[in-house]
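Each chain, letter by letter, is given below.
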Amino acid sequence: MTDKVRIAIAGLGFGAEFIPIYQAHPNAELVAVCQRSEDSLNQIADQFGIEGRYTDYDAMLEDPNIDAVHINTPIGAHAGQSVAALNAGKHVACTVPMAVSLEDCARVVAAQEASGKTYMMMETAVYTREFLYAKELLDSGELGRIQFLRGAHMQEMAGWPDYWQSMAPMHYATHAVAPLLALAGAQAASVRCVGSGLVGGRDPESGLHFAVESAVFSLRDSDLAMEVTRSLYDVAREYVESFDVYGSLKSYEWQQLEREHPVVFTGEDGERSEVPDFARLLPEEIRHFTTKGVYDAGDNQHLSFTQGGGHGGSHPHLAHEFLMAVIENRRPFPDVYASANWTSAGIRAHQSALEGVELDIPVYGNDN
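A brief report on the enclosed structure follows. Because the structure is a prediction, the values reported are computed rather than measured. All residue numbers refer to position in the chain's written sequence, counted from 1. Predicted model: local features are reported for residues with pLDDT of at least 70 only, side-chain atom pairs are reported and counted for 80 or more only, and whole-chain, interface and lining totals are derived from all residues. Heavy atoms throughout the structure, all of them, feed into the side-chain values; hydrogens and water do not.

When DSSP finds two or more bridges between a pair of strands, those strands are recorded as paired. Counting from the N terminus, the helices are DSSP H or I runs at least four residues long and the strands are E runs at least two residues long. As summarised here, the arrangement of the 9 strands in space is β14-β13-β12-β11-β7-β10-β9-β8-β15, forming an open sheet in which the pairing is mixed. The sheet terminates laterally at β14 (269–272) and β15 (359–360), the two strands that pair on one side only. For strand β13 (residues 263–266) and β14, the ladder comprises 4 bridges, and the chain directions are antiparallel. Paired with Val-263 across the bridge in β14 is Arg-272. Lying on the sheet, helix α10 (residues 336–355) is in contact with β8 (188–196), β9 (212–219) and β15; it crosses β8 at an angle near 45°. The contact definition used throughout considers only heavy atoms, calling two residues in contact when any of these lie within 4.5 Å. Working convention: axes come from line fits to C-alpha atoms, limited for helices to the stretch in contact. Angles between N-to-C directions cover 0 to 180 degrees.

Another aspect to go through is the nonpolar core. Nonpolar side chains in soluble globular proteins tend to end up buried together. To define a nonpolar core, start from buried Ala, Val, Leu, Ile, Met, Phe, Trp, Tyr and Cys residues and group those joined through side-chain atoms within 4.5 Å. For every residue, the accessible area (1.4 Å probe, protein chains only) is compared with the maximum for its type, and the residue is labelled buried under 20%, exposed over 50%, or partly exposed between those bounds. Counting 122 residues, the largest nonpolar core has Ile-19, Tyr-22 and Phe-217 as its most contacted members. Sorting elements by how many residues they give to this core places α10 first, with 9 residues. Beyond its immediate stretch of four places on either side in the chain, Tyr-22 contacts Ile-7, Ile-9, Ala-28, Leu-30, His-70, Met-122, Ala-319, Phe-322 and Leu-323.

This brings us to the pairing of strand β4 (residues 68–71). Covered by surrounding structure in β4 are Ala-68 and His-70 together with Val-69 and Ile-71, the residues of both alternating faces. Looking at chain direction, strand β1 (residues 5–10) and β4 are connected through 4 bridges and run parallel. Its bridge partner lying in β4, Ile-7 is registered against Ala-68.

Here it is as structure tokens:
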């Protein structure tokens, strides 16, 4: 058991948000950063006083002073870079999604099992203050028995990097899928998805066959079902990553507007509820990062902040969970199997929408 995990961050767009968190965490040492653009790399590394600098990801993996890699690169690189890091004997934290194909999900799972190293998909939606509040209601018994769950992620991707132009909505569905499955304590078993509407001016062969994809999932070893809706373009709606959970005693519904509060129903009586912050769950040194980060002000704002409110204070919770899983030699939440299931749920949903049939979601590796 080690007291410090030596971290390298790959990808310094959104990834820069985690630099001060790791630098402040009592159990982390940020030893290197990696980005293809040398000028940008040096600018960021100089700003934060980071000595280790790489423009080549594979070269970084050869550094024996690095224990773990936090991947924040474009989505198409996630699976390959995760496998490479695991094969190099590094622990891996990877931003969502794990991959964009079932085959690549299987590759990541196999690499984790073979290496024995930690893999954690850094899913913000299961560490937001809203999720932690709903989980508290569930764990205390206030919700009663969960009867149904619903999630949505609606976002206008204009202005984001070009690779989003070919992204099927459900291929980036983990923000809506994950909190539902986490609250249910189950994995997605099968899916029936439908596509709706058109995305103007884009070739359907690019992957954007539908403006909206909406799916109903059955859950493994559970009597629950859940509904998920996802859009990327040409839908008039304020940005939202939402979940609703309906219990026998109480229910939690996401607000319609970001500036409002969610509604908690007791029986048929609803009341807006102010969601508390959960910084108290973190080491004191990083608690302030639930409300403050790199991209809080002026021209430095990343689109995840201008369109997402900073992911509900989740970033320090994610970093802390990953570090503690490595130090304590335990499975993180989510582990590689949950990460693969949450990712595959969206991949199979898009396939279901194209084929017009219900599809099973695979079980990976030794997760039986």
